Amino acid sequence: MMIREIQSDDLYQLLELYTHLHETSVPEDSEHLHNTWAAIRNDPNYHIIVCEQDGRLVSSCVCVIIPNLTRNVRPYALVENVVTHSDHRGRGYATACLDYAREIAEKADCYKIMLITGSKSRSTLDFYKNAGYSSTDKTAFIQWINF
(Lines give C-alpha, C1' and ligand atoms only; values in the text may rest on other atoms or scores of the structure.)
Protein backbone atom coordinates (compact mmCIF):
# COMPACT_ATOMS: atom_id res chain seq x y z
CA MET A 1 0.00 0.00 0.00
CA MET A 2 1.26 3.47 -0.89
CA ILE A 3 -0.36 6.71 0.30
CA ARG A 4 0.49 9.71 -1.85
CA GLU A 5 -0.89 12.78 -3.52
CA ILE A 6 -2.51 12.24 -6.86
CA GLN A 7 -0.55 12.53 -10.09
CA SER A 8 -1.77 13.95 -13.40
CA ASP A 9 -2.15 10.55 -15.04
CA ASP A 10 -4.36 9.24 -12.19
CA LEU A 11 -7.44 11.21 -13.28
CA TYR A 12 -9.36 8.38 -14.93
CA GLN A 13 -8.64 5.93 -12.13
CA LEU A 14 -9.89 8.54 -9.65
CA LEU A 15 -13.07 9.08 -11.65
CA GLU A 16 -13.65 5.31 -11.69
CA LEU A 17 -13.09 5.20 -7.92
CA TYR A 18 -15.70 7.94 -7.46
CA THR A 19 -18.33 5.55 -8.84
CA HIS A 20 -17.98 3.85 -5.41
CA LEU A 21 -18.82 7.14 -3.66
CA HIS A 22 -22.04 8.52 -5.11
CA GLU A 23 -21.40 8.94 -8.81
CA THR A 24 -23.20 6.57 -11.17
CA SER A 25 -20.82 7.03 -14.08
CA VAL A 26 -17.56 8.64 -15.10
CA PRO A 27 -18.03 12.18 -16.46
CA GLU A 28 -17.79 12.76 -20.18
CA ASP A 29 -14.26 13.47 -21.40
CA SER A 30 -14.63 17.18 -22.10
CA GLU A 31 -12.82 20.49 -22.08
CA HIS A 32 -14.67 21.37 -18.86
CA LEU A 33 -13.37 18.20 -17.18
CA HIS A 34 -9.79 18.91 -18.24
CA ASN A 35 -10.00 22.59 -17.24
CA THR A 36 -11.34 21.60 -13.81
CA TRP A 37 -8.60 18.99 -13.43
CA ALA A 38 -5.95 21.57 -14.35
CA ALA A 39 -7.37 24.08 -11.85
CA ILE A 40 -7.30 21.45 -9.09
CA ARG A 41 -3.77 20.34 -9.97
CA ASN A 42 -2.52 23.95 -9.99
CA ASP A 43 -4.09 24.92 -6.65
CA PRO A 44 -1.46 24.53 -3.88
CA ASN A 45 -4.23 24.35 -1.26
CA TYR A 46 -6.09 21.47 -2.97
CA HIS A 47 -4.79 18.00 -2.13
CA ILE A 48 -6.19 14.78 -3.50
CA ILE A 49 -4.79 11.93 -1.44
CA VAL A 50 -4.87 8.42 -2.83
CA CYS A 51 -4.09 4.94 -1.63
CA GLU A 52 -2.53 2.77 -4.29
CA GLN A 53 -2.55 -1.01 -3.96
CA ASP A 54 -1.00 -3.20 -6.65
CA GLY A 55 -0.93 -0.30 -9.11
CA ARG A 56 -4.60 0.62 -8.66
CA LEU A 57 -6.23 3.46 -6.73
CA VAL A 58 -8.37 1.84 -4.05
CA SER A 59 -9.11 4.77 -1.72
CA SER A 60 -8.99 8.55 -1.73
CA CYS A 61 -9.96 11.75 0.00
CA VAL A 62 -9.69 15.45 -0.74
CA CYS A 63 -8.10 17.88 1.72
CA VAL A 64 -8.46 21.59 1.02
CA ILE A 65 -6.56 24.14 3.09
CA ILE A 66 -8.64 27.30 3.54
CA PRO A 67 -6.91 30.55 4.52
CA ASN A 68 -8.64 32.25 7.44
CA LEU A 69 -8.60 35.54 9.33
CA THR A 70 -9.78 34.16 12.70
CA ARG A 71 -8.01 31.87 15.18
CA ASN A 72 -4.86 33.96 15.05
CA VAL A 73 -4.97 33.96 11.23
CA ARG A 74 -4.62 30.19 11.08
CA PRO A 75 -6.14 28.22 8.21
CA TYR A 76 -8.47 25.27 8.54
CA ALA A 77 -8.87 22.17 6.41
CA LEU A 78 -11.90 20.63 4.79
CA VAL A 79 -11.94 16.92 4.01
CA GLU A 80 -14.36 15.69 1.35
CA ASN A 81 -14.94 12.82 -1.07
CA VAL A 82 -13.70 10.06 1.24
CA VAL A 83 -14.09 6.86 -0.75
CA THR A 84 -12.80 3.30 -0.84
CA HIS A 85 -13.51 0.87 -3.65
CA SER A 86 -16.23 -1.49 -2.42
CA ASP A 87 -13.98 -4.54 -2.93
CA HIS A 88 -11.27 -3.04 -0.68
CA ARG A 89 -13.16 -1.71 2.34
CA GLY A 90 -12.24 -2.54 5.92
CA ARG A 91 -8.49 -2.73 5.27
CA GLY A 92 -7.44 0.65 6.67
CA TYR A 93 -6.96 2.39 3.33
CA ALA A 94 -9.33 5.29 4.02
CA THR A 95 -7.90 5.70 7.52
CA ALA A 96 -4.43 5.99 5.98
CA CYS A 97 -5.73 8.65 3.55
CA LEU A 98 -7.32 10.60 6.43
CA ASP A 99 -4.08 10.35 8.43
CA TYR A 100 -2.18 11.80 5.47
CA ALA A 101 -4.75 14.62 5.24
CA ARG A 102 -4.13 15.36 8.90
CA GLU A 103 -0.39 15.57 8.23
CA ILE A 104 -1.04 18.09 5.44
CA ALA A 105 -3.29 20.13 7.74
CA GLU A 106 -0.73 20.08 10.55
CA LYS A 107 2.07 21.21 8.20
CA ALA A 108 -0.16 24.09 7.07
CA ASP A 109 -0.73 25.04 10.76
CA CYS A 110 -4.47 24.44 10.50
CA TYR A 111 -6.39 24.73 13.74
CA LYS A 112 -9.10 22.23 12.72
CA ILE A 113 -10.20 19.79 10.07
CA MET A 114 -13.86 19.69 9.08
CA LEU A 115 -15.51 16.69 7.50
CA ILE A 116 -19.17 16.43 6.54
CA THR A 117 -20.80 13.18 5.52
CA GLY A 118 -24.20 12.53 4.07
CA SER A 119 -24.10 8.97 5.32
CA LYS A 120 -26.42 7.85 8.09
CA SER A 121 -24.81 4.41 8.26
CA ARG A 122 -23.68 3.56 11.79
CA SER A 123 -20.52 1.89 10.46
CA THR A 124 -19.57 5.00 8.46
CA LEU A 125 -20.24 7.34 11.37
CA ASP A 126 -18.26 5.07 13.70
CA PHE A 127 -15.43 5.01 11.17
CA TYR A 128 -15.17 8.82 11.28
CA LYS A 129 -15.36 8.88 15.07
CA ASN A 130 -12.60 6.26 15.28
CA ALA A 131 -10.55 8.42 12.90
CA GLY A 132 -10.74 11.27 15.44
CA TYR A 133 -13.67 13.31 14.15
CA SER A 134 -16.43 14.56 16.46
CA SER A 135 -20.06 15.00 15.54
CA THR A 136 -20.93 16.89 18.72
CA ASP A 137 -18.84 20.07 18.40
CA LYS A 138 -20.64 21.79 15.53
CA THR A 139 -23.84 21.59 13.54
CA ALA A 140 -23.57 21.40 9.78
CA PHE A 141 -26.07 22.84 7.32
CA ILE A 142 -26.04 22.32 3.59
CA GLN A 143 -27.74 24.47 0.96
CA TRP A 144 -27.84 22.73 -2.40
CA ILE A 145 -27.60 25.05 -5.41
CA ASN A 146 -29.08 23.97 -8.76
CA PHE A 147 -28.81 20.33 -7.79
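Here we summarise the structure given alongside this text. (Residues numbered from 1 in each chain as written. Predicted model: local features only at pLDDT ≥ 70, side-chain atom pairs only at ≥ 80, totals over all residues. Heavy atoms only, no water.)

1. With respect to the sheet that holds strand 5 (residues 113–115)
Then, in step 1: Spatially, 1-2-3-4-5 is the arrangement adopted by the five strands of the open sheet, whose pairing is mixed. On the outer flanks of this sheet lie strand 1 (2–5) and strand 5, each paired with one strand and no other. Ignoring strand direction, the axes of neighbouring strands in this sheet form an average angle of 25°.
Then, in step 2: Where strand 2 (residues 46–53) and strand 3 (residues 56–66) come together, eight bridges link them in antiparallel fashion. Opposite Cys51, over in strand 3, you have Ser59 as the bridge partner. (Pairing = 2+ DSSP bridges. Helix = DSSP H or I, 4+ residues; strand = E, 2+ residues; numbered from the N terminus. Axes fitted to C-alpha atoms, helices over the stretch in contact; angles between N-to-C directions.)

2. A word on the nonpolar core
Then, in step 1: Core analysis: the biggest nonpolar cluster contains 20 residues, and Ile49, Cys61, Cys63, Val79, Val82, Leu98 and Leu115 have the highest contact counts within it.
Then, in step 2: Looking at this core, the elements that each hand over two or more residues are strand 2, strand 3, strand 4 (76–84) and helix 3 (93–107).
Then, in step 3: Here the element with the most residues in this core is helix 3; it accounts for seven residues.
Then, in step 4: For Val82, the contacting residues outside a window of four places in its chain are Leu21, Ser60, Cys61, Ala94, Leu98, Leu115 and Tyr128.
Then, in step 5: The next biggest cluster of nonpolar side chains, apart from the first, holds 15 residues, and it includes Ile6, Leu15, Trp37 and Ile48. (Core = buried A, V, L, I, M, F, W, Y, C linked by side-chain atoms within 4.5 Å. Buried < 20%, exposed > 50% of the residue type's maximum accessible area, 1.4 Å probe, protein only. Contact = heavy atoms within 4.5 Å.)

3. Some points on the side chain of Ser59
Then, in step 1: Mapped onto the elements, Ser59 comes out in strand 3.
Then, in step 2: Accessibility expressed as a relative area gives 0% for Ser59, which makes it buried.
Then, in step 3: A distance of 2.9 Å separates the side chain of Ser59 from the backbone oxygen of Val83, its partner in a polar contact.
Then, in step 4: In terms of polar contacts, Ser59 uses its side chain to reach the backbone amide nitrogen of Ala94, at 3.4 Å.
Then, in step 5: In this view, Ser59 contacts Leu17, Ile49, Val50, Cys51, Val83, Thr84, Tyr93, Ala94 and Cys97; residues no more than four positions away in its chain are not counted. (Polar contact = N/O pair within 3.5 Å; in protein donor to acceptor, adjacent residues only side chain to side chain.)

That is the geometry; function is a separate question.
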